Amino acid sequence: MAKPLLEMSAARVFFDGIFTNPRVAHPEGVAVHRDGSIWCGTETGDLLRLAADGGSVERMGGTDGFLLGIAFDRAGNCFACDLRHAAIFRWDSVTGRMERFASSGIRVPNYPIVDEARGWLFVSDSVGQDNRSGIFRYDLRTGEGGLWFQEPMSFANGMAMAPDGNGLYVVESNASCVSFVPILGDGSAGASEVVVEGVRNVPDGVAFARDGSLLISCYEPSRIYRWRKQQGLEVLIEDPAATTLAHPTNIAFKGDKLYTANLGRWHITEIDLAAIPGLSGA
């Protein structure tokens, strides 16, 4: 495989939470708040806010479960998937309370996508044993909903809305690929199509850059890919020692910085993308 586009010197530990109170306990989800702070969820169900400069950590709420993917809406409310409770929780930016928002049949809620234009919350369901995982859809106001995309998927995991808003890019971890699911005019799901193959070995999270590149984080090995339709897959950065990048799961942009949750350790990583023109958050 070709040399990565970035050396590991472009990555650093943004916040080390191994001995802090609260601890950053094996974070899976990560998202950037509109105020520049970095939020993450932990294996102990804590929703944490890391200051924009990485100087402090604050517990915003919790579920006493295991938080997976998280996502903000425009008002600053945070939706968080919980593995233990098989439900999506919502942290309210006005009240500061974190309460159960939706469940309705989902078994392993993994990653949420807020679609405010249509008023929906999409959530991947990562059931790996029988490959019956799919995508659920819930009303952003009421939390009512159910299974939206019913085709079998091979462990549906991280997702990203297409830049034009016409569909979802969905990681299928057990198939080492990324599929595209169209959102049709009537709101229903179209037939899926595999768009990225050979994402070795266990892809987990995805995020679009301003230039249209799709970044794909891998839980194993500790690697992040860059995919463009014409150029195909390139390794953006990889940590053979799995220490600074330690089994990265979800990823999020803030300008020309990329933040990764590291399920293998107790920190959030920051990657400087400035050396690659156009590779920044939308």
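Everything below is about the structure shown above.
The notes below deal with the structure included here. Predicted model, so just to flag it, every value in this text is computed and none were measured. (Residues numbered from 1 in each chain as written. Predicted model: local features only at pLDDT ≥ 70, side-chain atom pairs only at ≥ 80, totals over all residues. Heavy atoms only, no water.)

Notes on the overall build of the chain
Looking only at helices and strands, one finds zero helices and 24 strands in the chain. What you see for the chain is a C-alpha radius of gyration of 17 Å, in line with the 19 Å of a compact globule of 282 residues. Reported as C-alpha extents along the three principal axes, the dimensions of the chain are approximately 45 × 45 × 35 Å. Looking at the chain as a whole, 56% of its 282 residues are labelled buried. In the chain, the share of contacts with a sequence separation of at least 24, taken over all contacts with a separation of at least 6, comes to 45%. Of the accessible surface of the chain, which amounts to about 11500 Å², a share of 46% is contributed by carbon and sulfur atoms. Looking at charge distribution, the chain has the averaged site of its 25 positive side-chain charges lying 2 Å from that of its 34 negative ones. (Helix = DSSP H or I, 4+ residues; strand = E, 2+ residues; numbered from the N terminus. Rg over C-alpha atoms; globule rule 2.2 N^0.38 Å. Buried < 20%, exposed > 50% of the residue type's maximum accessible area, 1.4 Å probe, protein only. Contact = heavy atoms within 4.5 Å. Areas by Shrake-Rupley, 256 points an atom, 1.4 Å probe, with all protein chains shown as cover. Lys, Arg positive; Asp, Glu negative; His and termini not counted. Charge placed at Lys NZ, Arg CZ, Asp CG, Glu CD.)

As for the sheet that holds strand β6 (residues 67-72)
Judged by pairing direction, the sheet is antiparallel, and its four strands sit side by side in the order β6-β7-β8-β9 without closing on themselves. Every other strand in the sheet has two partners, leaving β6 and β9 (98-102) as the edge strands with one partner each. Within the sheet, the average angular offset between the axes of one strand and its neighbour, ignoring direction, is 30 degrees. Summarising the sheet, strand β8 (residues 87-91) and β9 pair through four bridges and their orientation is antiparallel. Bridge pairing links Phe 89 to Arg 100 in β9. (Pairing = 2+ DSSP bridges. Axes fitted to C-alpha atoms, helices over the stretch in contact; angles between N-to-C directions.)

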